[in-house]
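A structural walkthrough
The lines below spell out each chain.
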Protein chains: 2
Amino acid sequence: MIIHPNISALTALLAEKSRAAILAALMDGKFHTASELAYMASIKPQTASFHLAKLEENNIIICEKHGRFRYFRLANDEVANTLEIIMSLSPLPEVRSLNQSSQLKKLEHARTCYDHLAGRVSVNLTNTMQQAGYIERNNKEFIVTAAGELFFKDFGIDLVGLSKKRRSFSHACLDWSERTHHLGGALGNGLFEKYIELGWIETKANSREIVITSQGKSGFKDLFGLEMQI
Amino acid sequence: MIIHPNISALTALLAEKSRAAILAALMDGKFHTASELAYMASIKPQTASFHLAKLEENNIIICEKHGRFRYFRLANDEVANTLEIIMSLSPLPEVRSLNQSSQLKKLEHARTCYDHLAGRVSVNLTNTMQQAGYIERNNKEFIVTAAGELFFKDFGIDLVGLSKKRRSFSHACLDWSERTHHLGGALGNGLFEKYIELGWIETKANSREIVITSQGKSGFKDLFGLEMQI
DNA sequence: TACATAATACGATATTCATCTAAGTATGGA
DNA sequence: TCCATACTTAGATGAATATCGTATTATGTA
């Protein structure tokens, strides 16, 4: 028997359609109740409960109890990154309806990746920040340059505060639809929350989809000279 | 139901222990017979045949028939890269014996990754070539610099010939033990074969393990100033 | 031809495990 | 106190599939 990393340990958890659906739903980074996840995965609550217990045991998700509700979320951004990588290696879903096709297009355009922005828009923004010399790519991380420090400060991002968080600061996160990297980590999250605060983007309930508002379009254009194609 | 890439399609193939063992064995990049693979995965030939058929159907492996033997190999280096990425995301194997422990240490030191070198040695060599300014990292590729062109030519590597091959030229391949990148692709393969030709490294039958010979140790030292710790 | 080896095909078995029904626990509100 | 809701647990069921014994095909060798 050849010694090798225990591939099955990870893949067995993801190989099951219902669990995959639950995890895909949780990739929006939000908390969801067990019933919500059951509905999203098209299974009965008992079955969802069974899968959620298994995922929790394996430290893939965590649970917070409030009253009679149990709120589930991905355990951390490392799990989210892993899932995003596996997605980037997997075939695109079979599209069976016009509705699914348009949903897929929207996700490819802009979506959440756990707690930051992903999709074409995110990759464009990341590239633009690189070209402007605000960040530099170094292996799996982006590094904020001196110019970048000024830029992010001007934009109202507290780099010092973010860097104190117990997580990757500016992870180069793999984008499954664009098959390249976008800015993740604490900095990616900081920007994401700033965009929300400014009303430039909006999340939708029970979906990873992100909508760029009209303020967002002009905002991104002013900030980066970036034209949003929708 | 949330639209997302079909994770299960890929992971279901890897979730089964016997198939995982077969694929791990094939990561040495060599052809293996069905019986060999059955033995390596500790299953009967019929069972191996069943799994091999399934893997072939899904274009994970290819088969060449010679006489009464069937030789199986990974389909291409894209499959190998995918497997290596999944391995880098998976937990290290549980080590149950001194023998396994020493085998793991050897693999972490130097092993084949499909058709090129992986492990600590490979990562060190890659870093050294980067520091010497022979190659530069650009996203998922390494780029050969002008200085690098001279260097590789001196070392007897035919860059023009390699670049004509219908595959990635110098892929930045993920190393599961070192959790960083080493040089893969056609250039990685070219160097690997040159090391073999020079007698610097030796492969072992039915193992991914690579042995650095004494010529290799002095060779790598002369070429890169790199001291091999064994 | 006869026999040994490599591999696959087929059928039976066993195991794993996702799913559901039914029942039970916990919580909040009337 | 009673009921509705959210969720889990337990047990039964069924489907998928990995495995192996047996048989068959293909090839090489004596």
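Each remark here, short or long, concerns the structure printed above.
Note that the structure is predicted; figures quoted are calculated from it, not measured.

Right, let's talk about the side chain of S207(A) for a bit. Structurally, the position occupied by S207(A) is in the loop between β10 (201-203) and β11 (210-212). Within the structure, S207(A) has its side chain in polar contact with the backbone nitrogen of E209(A) (distance 2.8 Å). The residues touching S207(A), leaving out its near neighbours within four places in the chain, are D28(A), K30(A) and I2(B).

This paragraph deals with the protein's contact with DNA strand D. Lining the immediate environment of DNA strand D, one finds 21 residues, of which S35(A), S49(A), S18(B), Q46(B) and H51(B) sit closest. Close to the protein, within 4 Å, the atoms of DNA strand D are drawn from sugar and phosphate at a rate of 71%. Between DNA strand D and R68(A) there is a distance of 2.9 Å, counted from a base oxygen to a side-chain nitrogen or oxygen. Every element with two or more residues in the surface near DNA strand D is listed here: α3 (34-40), α4 (45-57) and β3 (69-74) of chain A together with α2 (17-26) and α4 (45-57) of chain B. In terms of residues, the surface near DNA strand D owes the most to one element, α4(B), which gives five residues. Taken together, the residues that form the surface near DNA strand D break down as four nonpolar, nine polar and eight charged.

This next bit is on the packing of helix α5 (residues 77-89) of chain A against helix α5 (residues 77-89) of chain B. Where α5(A) meets α5(B), the closest approach of the two axes is 11 Å, and the angle between their N-to-C directions is 165 degrees. Relative to α5(B), the element α5(A) is oriented roughly antiparallel. Crossing of α5(A) over α5(B) shows left-handed handedness. Along its contact with α5(A), which presents T82(A), I85(A), I86(A) and L89(A), the element α5(B) presents T82(B), I85(B), I86(B) and L89(B). Of the residues belonging to the contact of α5(A) with α5(B), the class tally is six nonpolar, two polar and no charged.

As a further point, take the sheet that holds strand β2 (residues 61-66) of chain B. Residue and element names in this part refer to chain B. If you walk across this open sheet you meet the three strands as β1-β3-β2, and the pairing is antiparallel. The open sheet has two free edges, formed respectively by β1 (32-33) and β2, since each of these has just one partner strand. As judged from the six bridges shared by β2 and strand β3 (residues 69-74), these two strands associate in the antiparallel manner. Residue pairing across strands places I61 opposite L74, the latter belonging to β3. Set on the sheet, α4 makes contact with β2 and β3; between it and β2 the angle comes to about 115 degrees.

Both copies of the chain are related through a single rotation about an axis accompanied by a shift along the same axis. In the superposition of chain B on chain A (RMSD 0.1 Å, axial shift 0.0 Å), the rotation amounts to 180 degrees. The superposition operator between the copies reduces to a two-fold rotation axis. When C-alpha distances to the rotation axis are compared across chain B, the minimum falls at T11(B), with a value of 2.5 Å. The residues that chain B uses at the interface reappear at the interface of chain A in 100% of cases, marking a shared surface.

Here we take up the interface of chain B and chain A. Taken together, the contact pairs 46 residues of chain B with 46 residues of chain A. Each partner contributes to the roughly 4,100 Å² buried at the junction of chain B and chain A, and carbon and sulfur atoms together form 70% of this total. Along the contact surface separating chain B from chain A lie zero salt bridges. At the boundary of chain B and chain A, one finds 10 residue pairs in polar contact (both at pLDDT 80 or more). For the side of chain B that touches chain A, the secondary-structure elements that each account for two or more residues are α1 (7-14), α2, α5, α6 (98-109) and β9 (180-183) of chain B. When residues in the side of chain B that touches chain A are grouped by element, the largest group, seven residues, is from α1(B).

Here we come to the sheet that holds strand β2 (residues 61-66) of chain A. Residue and element names in this part refer to chain A. One open sheet accounts for three strands, arranged β1-β3-β2; its pairing is antiparallel. At either end of the open sheet lies a strand with only one pairing partner, and these are β1 (32-33) and β2. Contacts from helix α2 (residues 17-26) reach β1, β2 and β3, with the element oriented near 85 degrees to β3. Against the sheet, α4 makes contact with β2 and β3, and its axis sits at roughly 115 degrees relative to β2, the strand it touches most.

Structurally, L104(B) is set in helix α6. Separated by 120 residues in sequence, L104(B) and F224(B) place their C-alpha atoms 26 Å apart. Excluding residues that lie within four positions of it along the chain, L104(B) makes contacts with I3(A), P93(B), V95(B) and W176(B).

This part covers α6(B). Residue and element names in this part refer to chain B. Taking 1.5 Å per residue, 12 residues should reach 16 Å; α6 reaches 17 Å between its end C-alpha atoms and fits that length. All buried positions along α6 are accounted for by L104, L107, E108 and H109. Here the buried face of α6 lies against β4 (111-113), β5 (116-118), α7 (120-131) and β11 (210-212).

Rules of the game
Counting restarts for each chain: residues are numbered from 1 in the order of the written sequence. Whichever chain is written first becomes A and whichever ligand is written first becomes 1, with later ones labelled in order. Local features are withheld for residues below a pLDDT of 70 in this predicted model, meaning they are given only at 70 or higher, and side-chain atom pairs are given and counted only at 80 or more; totals for whole chains, interfaces and linings count all residues. Side-chain metrics rest on all non-hydrogen atoms present in the structure, leaving aside hydrogens and water. Here a strand is any run of E in DSSP of at least two residues, a helix any run of H or I of at least four, and the numbering for each starts at the N terminus. Counting of polar contacts relies on pairs of N or O atoms within 3.5 Å, with two restrictions inside protein: one atom must be capable of donating a hydrogen and the other of accepting it, and residues adjacent in sequence are counted only when both atoms are side-chain atoms. Whether two residues touch is decided by their heavy atoms; if any such pair falls within 4.5 Å, the residues are in contact. One heavy atom within 4 Å of a molecule or strand is enough for the residue carrying it to be called near that molecule or strand. Polarity classes work like this: nonpolar for Ala, Val, Leu, Ile, Met, Phe, Trp, Tyr, Cys and Pro, charged for Asp, Glu, Lys and Arg, and polar for all others, with Gly in that last group. Axes here mean lines fitted to C-alpha atoms, for a helix over just the part in contact, with angles spanning 0 to 180 degrees between N-to-C directions. Roughly parallel covers angles under 35 degrees, roughly antiparallel covers those over 145, roughly perpendicular covers 65 to 115, and oblique covers all other angles. Definitions for this section: a left-handed crossing has its near helix turned counterclockwise from the far helix by less than a right angle. A right-handed crossing has that turn clockwise. DSSP-based pairing: two strands are paired if at least 2 bridges between them are found. What sets the superposition is a least-squares fit of C-alpha atoms, and only residues with pLDDT of at least 70 in both copies go into it. By buried area we mean how much accessible surface two parts lose on assembly, using a 1.4 Å probe and totalling the loss over both. A carboxyl oxygen of Asp or Glu within 4 Å of a side-chain nitrogen of Lys or Arg is what we treat as a salt bridge. Expected helix span is taken as 1.5 Å per residue step, with the number of steps being one fewer than the number of residues. Only protein chains enter the accessibility calculation, which uses a 1.4 Å probe; a residue whose area is less than 20% of its type maximum is buried, one above 50% is exposed, and one in between is partly exposed.

So, to be careful, I would describe these as geometric facts and stop short of saying anything about function.
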